Amino acid sequence: MMKTIISVIDGDVNTNYNREIFEKAGEVIRGGGLVAFPTETVYGLGGDALNPTASQKIYTAKGRPCDNPLIVHIYRMEDLNRVAEGVGREALKLAEMYWPGPLTMIFKKRSIVPDETTGGLDTVAVRMPDNPIALRFIEASGGFIAAPSANLSGRPSPTKAVHVAEDMNGRIDMIIDGGSSVIGLESTIVDMTGKTPMILRPGYISGEMIREALGSVDYDPAVFGEETGGIRPKAPGMKYRHYAPKGELIIVKGEQSRVIGHIREGIAAAEASGKRVGVIVASESENCYDGAPHIINIGSREDEETIARHLYSVLRECDDKDIDIIYSEDFSTPRIGQAIMNRLIKAAGHRVVEV
Ligand code: AMP
Ligand code: MG
């Protein structure tokens, strides 16, 4: 087991104290090592995107299948064309509007990007994160950081450094602690290689926002969280069970009083058989499950950004409490509800009960 250094960034990224942390992180990356770092979406597990050995190490540390490609993170616009080919006007427009930000675009890759980073694909995913710590780290590391989320494969993505430490302590060189991720869901992924931009993974930047910017947008069927029935999702990551807590998660959907009734029956039945039950609820219905021991409030339905930000830490909290069966209400909120439910349905392994 290697020793994992945990360094906390305190205040302005440019202080002398913080500068030493970035210098150290840059050294680790240039030496082929791995550093977890904060972004506005979730924590990333970074390695040198141009070094095949570093990308291989990322797969090993996560226990991730190596056909599931990584995202290349850059810190300035002029680096986009060094890794991507055929960047068109539409992509530049999206970059201008949403970079730095929670949007990943797919392009044809240039040969400088090793196959290990792209999981053998001839395309590359690129993003510029909106977090000053992430940007400084990428710059200090030479400009191209390959990163997936910094969780063990299959577990909920980390939105705090402690989540990263739970999964990665002893498996990577360094963790940069930069507080909680403000968005809390992975980036929207848009494939820019076809005629019409295609959303492969929903996120904070919605399909509607992209359609407004470019006039049209398509969706990969995997986005809707349906079993794709043998159709291969275009983002390879979408085919794996993901984000899952250790307990069995069941989403209950429908008219509110029926949802509450169904979950209450479920709680009674599970407790009668000696199981620990938890319920993920919106603040509005927090008091509707009296007697249930583990009610976890994810936030108000009026504030979907808070629901998104809390989702993964709530799933981890269920693990911390050793919960066997987790019921969740449905959080199909207006704007980012599609992204929230895409993650929750995957975490539930598609167990959704309609009442
Ligand atoms: P993560 O953020 O941990 O889910 O990891 C990166 C995600 O980006 C995975 O879901 C990948 O499937 C997706 N991805 C990375 N590169 C590509 C690519 N070239 N084409 C399609 N999806 C990609
Ligand atoms: Mg991930």
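Look a little higher up for the structure.
Notes on the structure in this doc start here. (Residues numbered from 1 in each chain as written. Chains lettered and ligands numbered in written order. Predicted model: local features only at pLDDT ≥ 70, side-chain atom pairs only at ≥ 80, totals over all residues. Heavy atoms only, no water.)

## Here we look at the overall build of the protein
Counted only if it meets this: Every helix listed is a DSSP run of H or I at least four residues long, and every strand listed is a run of E at least two residues long, numbered separately from the N terminus. The rule is simple: take the accessible area with a 1.4 Å probe, protein chains only, and divide by the maximum for that residue type; under 20% is buried, over 50% is exposed, in between is partly exposed. Working rule for contacts: check all heavy atoms of both residues, and any pair within 4.5 Å makes them a contact. All accessible-area figures derive from a Shrake-Rupley calculation using a 1.4 Å probe, and residue coverage is judged against the displayed protein chains alone.
Looking only at helices and strands, one finds 10 helices and 17 strands in the protein. C-alpha extents for the protein along the principal axes are approximately 60 × 50 × 35 Å. Within the protein, buried positions represent 57% of all 355 residues. Within the protein, contacts between residues separated by at least 24 positions form 68% of all contacts whose residues are at least 6 apart in sequence. When the accessible surface of the protein is summed, it comes to about 14700 Å², and 48% of that surface belongs to carbon and sulfur atoms.

## Looking at helix H10 (residues 337-347)
Of all 11 residues in H10, 10 are buried, a share of seventy percent or more. Inspection of H10 places Gly337, Ala339, Ile340, Met341, Asn342, Arg343, Leu344, Ile345, Lys346 and Ala347 among the buried residues, and these make up the whole buried set. Elements in contact with the buried residues of H10: strand S11 (198-201), strand S13 (248-253), helix H9 (304-320), strand S16 (325-328) and strand S17 (352-354). Looking one or two residues beyond H10, the residue adopting positive phi is Gly349, at roughly 55°.

## Quick look at the packing of helix H4 (residues 89-98) against helix H7 (residues 207-214)
Threshold: Orientation is described by axes fitted as lines to C-alpha atoms, over the contacting stretch for helices, and by angles from 0 to 180 degrees between their N-to-C directions. Oblique is the label for every angle not falling under 35 degrees (roughly parallel), over 145 degrees (roughly antiparallel), or within 65 to 115 degrees (roughly perpendicular). Here is the rule for handedness: rotate from the far helix to the near one, and if that takes an anticlockwise turn smaller than a right angle the crossing is left-handed, while a clockwise turn gives right-handed. Polar here means any residue other than Ala, Val, Leu, Ile, Met, Phe, Trp, Tyr, Cys and Pro, which are nonpolar, and Asp, Glu, Lys and Arg, which are charged; Gly is therefore polar.
The contact between H4 and H7 brings their axes to 10 Å, and the two run at 120°. One way to sum up the angle between H4 and H7 is to call them oblique. The crossing of H4 and H7 is right-handed. Residue-level contacts link Glu90, Lys93, Leu94, Met97 and Tyr98 of H4 to Met209, Ile210, Ala213 and Leu214 of H7. Its residues assigned to classes, the contact of H4 with H7 comprises seven nonpolar, no polar and two charged.

## Things to note about the pattern of salt bridges
Once the charged atoms of two side chains with opposite charge are near each other, the side chains can pair. As a reminder, the rule being used: Any carboxyl oxygen of Asp or Glu that lies within 4 Å of a side-chain nitrogen of Lys or Arg is treated as forming a salt bridge with it.
Considering all chains together, one arrives at 18 salt bridges under this definition. Salt-bridge contacts for Asp79 lead to Arg76; the nearest nitrogen and oxygen are separated by 3.0 Å. Note on Asp79: relative accessible area 1%, which makes it buried. Judged by its relative accessible area of 30%, Arg76 is partly exposed.

## Side note on the sheet that holds S13
The criterion, for reference: Here the rule is simple: two strands pair whenever DSSP picks up at least two bridges between them.
Read from one edge of the open sheet, five strands run S15-S14-S16-S13-S17, paired in parallel fashion. Each edge of the open sheet carries a strand with a single partner, namely strand S15 (294-299) and S17. Ignoring strand direction, the axes of neighbouring strands in this sheet form an average angle of 25°. Sheet strands touched by H9: S13, strand S14 (277-282), S15 and S16. Its angle to S15, the strand with the most contacts, is close to 155°.

## A look at the pairing of S13
As paired elements, S13 and S16 share four bridges and run parallel to each other. Pairing of Ile250 across the sheet is with Tyr327, part of S16. Note that S13 and S17 share three bridges and pair parallel. By the bridge assignment for S17, Lys253 is matched with Glu354.

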